[in-house]
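# Inside the fold
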Amino acid sequence: GSYKDFSKSDDEDYEHTQVAEKTLYDHLFEQLGYARMTEEEVEIGAYIIGNIDEAGFLKYDIETIAREIQKDPELVKKVLEQIRKFDPPGVGSHDLRECPLAQLEEKGLKDSLVWELVEKHLYTLDKKSVTQLAKMTSTTPDRVQSALDIIKVLSPRPAQGRFAAPAAIVVP
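Residues numbered from 1 in each chain as written. Predicted model: local features only at pLDDT ≥ 70, side-chain atom pairs only at ≥ 80, totals over all residues. Heavy atoms only, no water.

### Topic: the overall build of the chain
What counts here: Counting from the N terminus, the helices are DSSP H or I runs at least four residues long and the strands are E runs at least two residues long. Exposure categories follow from relative accessible area, calculated using a 1.4 Å probe and restricted to protein chains: below 20% of the type maximum is buried, above 50% is exposed, and the middle band is partly exposed. Note on contacts: a residue pair is in contact if any heavy atoms of the two residues lie within 4.5 Å. Note on areas: these come from Shrake-Rupley sampling with a 1.4 Å probe, and a residue is covered only by the protein chains present in the view.
When helices and strands are counted, the chain shows eight helices and zero strands. For the chain, the α and β elements follow one another from N to C terminus as α-α-α-α-α-α-α-α. Within the chain, buried positions represent 35% of all 172 residues. In the chain, once contacts between residues fewer than 6 apart in sequence are set aside, the share between residues at least 24 apart is 60%. Per element, the accessible surface of the chain, about 11,600 Å² overall, is 51% carbon and sulfur.

So this is what it looks like as C-alpha cells:
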C-alpha cells in the first residue's frame, strides 16, 4: 500500500499560529460559570469581575457597586466573598493588605501569627526588627522569622505575571 508522508504538513503555517493566552477575566468568568450561584448572583459576579483591574484588585467598594447596580450591599458582599475564593487567591481584594490575608485564609492560617503580622503590622514590617516584632506580638523572634518567611512568598498582587494582558481598546 501507499503511505502518506506526514513529514510535510498540509498546513505549513502551523509555526505562526498564535496560542490563545487566557486573560484574568477569561479565567474568572470561567470560574463564575462553575460557581453555585443564583442568576442574580451571577449577574452581580459578572459586574464585580468587570471591575477588577489587571493586577486582580477590585476598583470599587461594595457600597459603590451595590448602588451602581441597584442591589443589596449584603448580597454584593456575599458574591464578592465567593469571587475572592476563586483562583488566583486574593483576587477581588481592595489593597495590598487584603490580598495576602485572602491567601493566608485559603491556606488555613486565619488565626495565626502570620495573619496578625499582615493584618496589624504589614506596613511596618520592613521598618521593624524581628526582635521588635516579637515584642509587639508577644512571641519569640524565631516564630516571627518563620512567619516572615511565609509572608515573603505571598503575592502582593493576585494576578501578578500569570495572565495575558487584555487586548487594548483601539479608538479609530
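### Looking at the side chain of glutamine 103
Looking at the secondary structure, you find glutamine 103 in helix α5 (residues 98–106). What makes glutamine 103 buried here is its relative accessible area of 8%. Each residue touching glutamine 103, except ones within four places of it in the same chain, is listed here: Pro89, Leu154 and Ser155.

### Describing the side chain of glutamine 31
Summarising the element assignment, glutamine 31 is placed in helix α1 (residues 24–34). Sequence-distant contacts of glutamine 31, defined by excluding residues within four places in its chain, comprise Phe86 and Asp87.

### Section: helix α2 (residues 39–50)
Using the following cut-off: For a helix, the expected span equals 1.5 Å multiplied by the residue count minus one. Along the arc lie the directions from the helix axis toward the C-beta atoms.
Taking 1.5 Å per residue, 12 residues should reach 16 Å; α2 reaches 17 Å between its end C-alpha atoms and fits that length. Of the residues making up α2, those classed as buried are Glu41, Ile44, Gly45, Ile48 and Ile49. One side of α2 carries all its buried residues, which in axial view fall inside an arc of 135°. Check the buried side of α2 and you find it contacts α1, α3 (62–69) and α4 (73–83).

### Things to note about the confidence of the model for the chain
This is how it is decided: pLDDT expresses how confident the predictor is about each individual residue, on a scale running from 0 to 100.
Scored by pLDDT, the chain comes out at a mean of 86, with 84% of its residues at no less than 70. Overall, residues 11–17 carries pLDDT values under 50, and its contacts beyond four positions in sequence, including any with other chains, amount to one contact.

### Focus on the environment of arginine 36
Summarising the element assignment, arginine 36 is placed in the loop between α1 and α2. Spatially, the C-alpha atom of arginine 36 lies 9.5 Å from that of glutamine 82, the residues being 46 residues apart in sequence. Apart from residues lying up to four places away in sequence, arginine 36 is in contact with Glu41 and Gln82.

### A look at the packing of helix α6 (residues 113–121) against helix α8 (residues 141–152)
Selection criterion: The axes used here are C-alpha line fits, helices contributing only the stretch in contact, and every angle between their N-to-C directions lies in the interval 0 to 180 degrees. Oblique is the label for any angle not covered by the other classes, which are roughly parallel (under 35 degrees), roughly antiparallel (over 145) and roughly perpendicular (65 to 115). The handedness criterion is simple: a crossing whose near helix is rotated anticlockwise from the far helix by less than a right angle is left-handed, and one whose near helix is rotated clockwise is right-handed. Residues are sorted three ways: Asp, Glu, Lys and Arg are charged, Ala, Val, Leu, Ile, Met, Phe, Trp, Tyr, Cys and Pro are nonpolar, and all the rest, Gly among them, are polar.
Close contact between α6 and α8 brings their axes to 9 Å; oriented N to C, the two are set at 70°. Relative to α8, α6 is oriented roughly perpendicular. The crossing of α6 and α8 is right-handed. Touching Leu113, Val114, Leu117 and Val118 of α6 are Arg143, Val144, Ala147, Leu148, Ile150 and Ile151, all from α8. Residues that form the contact of α6 with α8 fall into these classes: nine nonpolar, no polar and one charged.

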